[in-house]
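# Topology and contacts: notes
Chain residues, written in single-letter form:
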Amino acid sequence: MADIDLTHGAQAPGRAPLLRALAALVVLAALPTLASALGYPALTSLVTRILIYGIAAASLNFILGYGGLVSFGHAAFFGIGGYVVGILYQNYSDETLFLGLVPGSNQMLITLPAAVLVAGAFAAVIGALSLRTGGVQFIMITLAFAQMLFFLFVSLKAYGGDDGLIIRRTNELPGLNMRDKEVVYYVCLGIAALFFAGLARLIRSPFGNVLNGLRQNERRMVALGVAPYRYRLVAFVLSGMGAGLAGALMANFLRFVSPDMMHWTKSGELLIMVILGGVGTLFGPLIGAAAYLVLETLLASWTEYWQLGLGLVLLFVVMRARGGVRALIVALGALLPGRQK
Amino acid sequence: MTLLLEQLLNGLQFGVMLFLLAAGLTLIFGIMGVINLAHGSLYMVGAYAGTWVAAQTGSFWLGIPAALGAAALTGVAIEALVVRRLYARDHLDQVLATFAILLMANQLVTLIFGRQPLYTAMPEALSGSVELLPGLFYPPYRLAIIAVGLLVALGLWALINRTRIGMLVRAGSTNREMVRALGVDIRLLYTVVFGLGALLAGLAGFISGPVMAVQVGMGEQILLSTFVVVVIGGVGSIRGAFVASLALGVIDTCLRAYLPGLLRQVMAGPEADALGIGISSMGIYLLMAIVLLVKPKGLFAGNG
């Protein structure tokens, strides 16, 4: 996959971004109060979705921006994460055993790790097979595996098939009232903060450096004694786990899972978020998710043909603004007085 | 036995439809290195333009030039305005830009023609059914589709192996840079190939009208199957696309026809049907995964 050269991306986060991240966290923590004070309570649920999609997009960006692997099937892991929560809840409410072995659960402390592990297991199998190819074939084989899972879940009538699975109540966390949307928001915010902190460490770790090196020049890394396949596989599994975490949160937030979560256009949406935010940057995907969802919400409230506008914006970003919205913000920021470097 | 033959013919008909799309896609892939997600949109444009003209004039045959013209023009416009700037970019940019075109094409078609599916009347001469073998009745229109597909395959073979353009196409898919270095106007060649691919996609879209409904989203359904064909056949190989489309057409059709019945032997009716349909939809993707694991570049890669 040496043909993927993302020259603008893949910097390690420095100290100033840390301060900015903390500032953003403070704003996000105050958001529900601000939203209801300003009379936009719907803002909280929009930002919850942004945080969740941000986690999924950042996971994809980990192998795409840092690892140089274009996965066109990441919605599969997103959907798997969601279905783990959905299926465990169904078994819990029916008091049945999954496959006659595993009891159900409605405890988030159980379902989230389970979703992450199951998504990771699927990513291990899919990654182990897909990574034997490269380039266009890698894009297509990841798409193929996602399609297989999509059709599998469409055909599983026991879990709702086409119609999906309704989760009557959000998973419980001890001591918290999870029926309150604000509490769910804070849970998502906390998990997102932990996730991004972990991701930042991972990117700066020796492992992250090797992955970055493999993207930039595989032959040199091989000459240094690195086995590319193993590193890429671990990265793919971690990325799948992140997407699974996001899917599990989404299932809890929407209280609904359906095969649409793994439709190939969902994989496309995740790629769009990464591109919009800027490939190979830590918080780019979060900004991209925000840009995408805000754009979608605004355009959809304005016209039912919102995808026309979305297509135009996307086309413009791909053709003209290669660093995405983030690069646009940085460029605009540099124009502000007193911010020149 | 007659049922099996009928399914095989259905499979063959689906296969040649796939081939009409895959031929263009594999050339665009192989020669320009572009992943074109908007190929399904060209199929849709051809279907809508042809069906509309056929409905307005009352003549099926006038729909054919309309479909070909509309799809080819749209294709050339997309190439000149967008795709041309993406040749040097990585696959990710190409995927996203053509994905954007796909979104816009769907919305534009919805704006112009509405959400209701259109239906094309079959031409008089090809309606009804003919008895191919004793007891085997088959619609002549579907036979005509198969014939058209095979003729196009023959024509493409002749074009690629017997003409100057074909020589350049073969050379281009082997070594792009060398062709350019020899003084060939590669941009013109790219536009011609893209236009030709669009033309074939438009043809496929229009002739599928009387068999399947003409509706928004028809392009995506067949696009993914077409990608499977292209990847299994080997990117850039027309021969691979031909073999893979016929094989996939037959396999997919037979799975859909027989798997639910087989599953019904071991489980309850509606569940067996749902699972059967699901697994048969997975079939072609499973096949692609297996082929790629054995031959990571596809079956006929590098044969031109």
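Cut-offs used in this document
Residues numbered from 1 in each chain as written. Chains lettered and ligands numbered in written order. Predicted model: local features only at pLDDT ≥ 70, side-chain atom pairs only at ≥ 80, totals over all residues. Heavy atoms only, no water. Helix = DSSP H or I, 4+ residues; strand = E, 2+ residues; numbered from the N terminus. Buried < 20%, exposed > 50% of the residue type's maximum accessible area, 1.4 Å probe, protein only. Contact = heavy atoms within 4.5 Å. Areas by Shrake-Rupley, 256 points an atom, 1.4 Å probe, with all protein chains shown as cover. Lys, Arg positive; Asp, Glu negative; His and termini not counted. Charge placed at Lys NZ, Arg CZ, Asp CG, Glu CD. Axes fitted to C-alpha atoms, helices over the stretch in contact; angles between N-to-C directions. Parallel < 35°, antiparallel > 145°, perpendicular 65-115°, else oblique. Nonpolar A, V, L, I, M, F, W, Y, C, P; charged D, E, K, R; others polar. Salt bridge = Lys/Arg side-chain N within 4 Å of Asp/Glu carboxyl O. Polar contact = N/O pair within 3.5 Å; in protein donor to acceptor, adjacent residues only side chain to side chain. pLDDT = per-residue confidence, 0-100. Core = buried A, V, L, I, M, F, W, Y, C linked by side-chain atoms within 4.5 Å. Phe/Tyr/Trp six-rings, centres within 6.5 Å; stacked < 30°, edge-to-face > 60°. Pairing = 2+ DSSP bridges.

## Topic: the overall build of chain B
Broken down by element type, chain B carries eleven helices and two strands. Moving toward the C terminus, one meets the helices and strands of chain B in the order α-α-α-α-β-β-α-α-α-α-α-α-α. Viewed in the frame of its principal axes, chain B has a C-alpha envelope of about 60 × 50 × 35 Å. Buried positions account for 56% of the 304 residues belonging to chain B. Across chain B, the fraction of contacts at a sequence separation of at least 24, relative to all contacts at a separation of at least 6, is 77%. A total of about 12500 Å² of accessible surface is found on chain B, and carbon and sulfur atoms cover 68% of it. Taking the average place of the 16 positive charges on the side chains of chain B and the average place of its 12 negative ones, the gap between the two points comes to 12 Å.

## Comments concerning the packing of helix 1 (residues 16-38) of chain A against helix 6 (residues 181-204) of chain A
The packing of two helices is summarised by the inter-axis angle and the distance between the axes. Residue and element names in this part refer to chain A. For the pair helix 1 and helix 6, the least separation of the axes is 10 Å and the interaxial angle reads 170 degrees. Considering the angle they form, helix 1 stands roughly antiparallel to helix 6. Every residue of helix 6 that contacts helix 1 at Leu25, Leu28, Ala29, Leu31, Pro32 and Thr33 is listed here: Glu182, Tyr185, Tyr186, Leu189 and Ala193. Tallied by class, residues from the contact of helix 1 with helix 6 come to nine nonpolar, one polar and one charged.

## Some thoughts on the interface of chain B and chain A
Chain B puts 46 residues into the contact, and the matching count from chain A is 46 residues. Between chain B and chain A we count zero salt bridges in total. The interface formed by chain B and chain A includes five residue pairs in polar contact (both at pLDDT 80 or more). Mapped by element, the contributors of at least two residues to the side of chain B that touches chain A are helix 4 (91-113), helix 9 (218-233) and helix 11 (269-294) of chain B. It is helix 4 of chain B that contributes the most residues to the side of chain B that touches chain A, 16 residues altogether. Among the residues forming the side of chain B that touches chain A, the class breakdown is 33 nonpolar, five polar and eight charged.

## With respect to the side chain of Thr111 of chain A
In this fold, Thr111 of chain A is placed in helix 4 (residues 108-130). Setting aside residues no more than four positions away along its own chain, Thr111 of chain A makes contact with Val84, Val85, Leu88, Ser105 and Asn171 of chain A.

## Quick notes on the confidence of the model for chain A
Across chain A, the average pLDDT comes to 85, with 89% of residues at 70 or higher. Taking the mean pLDDT of every element in chain A, the minimum, 63, falls on helix 13 (residues 324-335) of chain A and the maximum, 95, on helix 9 (residues 228-254) of chain A.

## A closer look at the pattern of salt bridges
Summed over all chains, the structure comprises six salt bridges over all chains. Ionic pairing is found between Glu269 of chain A and Lys266 of chain A, a salt bridge with its closest N-O pair at 3.7 Å. Within this pair, Glu269 of chain A and its partner Lys266 of chain A are both found in helix 10 (residues 264-277), separated by three residues, close to a single helical turn. In terms of burial, Glu269 of chain A and Lys266 of chain A fall into one category: buried. Where Arg84 of chain B meets Glu79 of chain B, a salt bridge forms, and the shortest distance between an N and an O atom there is 3.2 Å.

## Things to note about the nonpolar core
Counting 199 residues, the largest nonpolar core has Phe62, Met140 and Trp264 of chain A together with Met32 and Leu37 of chain B as the members making the most contacts within it. Residues contacting Met32 of chain B, with those up to four places away along its chain left out, are Leu27, Tyr87, Arg176, Tyr190, Val193 and Phe194 of chain B.

## Some details on the packing of aromatic side chains
Considering all chains together, one arrives at 22 aromatic pairs over all chains under this definition. A ring pair is formed by Tyr185 of chain A and Tyr186 of chain A, whose centres lie 5.4 Å apart and whose planes are at 70 degrees; its orientation type is edge-to-face. Among the residues examined, Tyr185 of chain A registers a relative accessible area of 0% and is labelled buried. Seen from their ring centres, Phe60 of chain B and Tyr141 of chain B are 6.0 Å apart, and the 85 degrees between their planes marks the pair as edge-to-face. Taken together, the residues span a long stretch of sequence, with Phe60 of chain B in helix 3 (residues 60-81) and Tyr141 of chain B in helix 5 (residues 140-162) at a distance of 81 residues. Since its relative accessible area comes to 8%, Phe60 of chain B is described here as buried.

## What to know about the pairing of strand 1 (residues 130-133) of chain B
Every regular strand shows the same layout, with side chains that alternate between the two sheet faces. Residues and elements named next belong to chain B. Across three bridges, strand 1 lies against strand 2 (residues 136-138) in antiparallel orientation. Residue Glu131 lies in a different strand from strand 2, and its bridge partner there is Phe137. Between strand 1 and strand 2, which pair antiparallel in sequence order, lie two residues; one of them, Gly135, sits at a positive phi of approximately 90 degrees.

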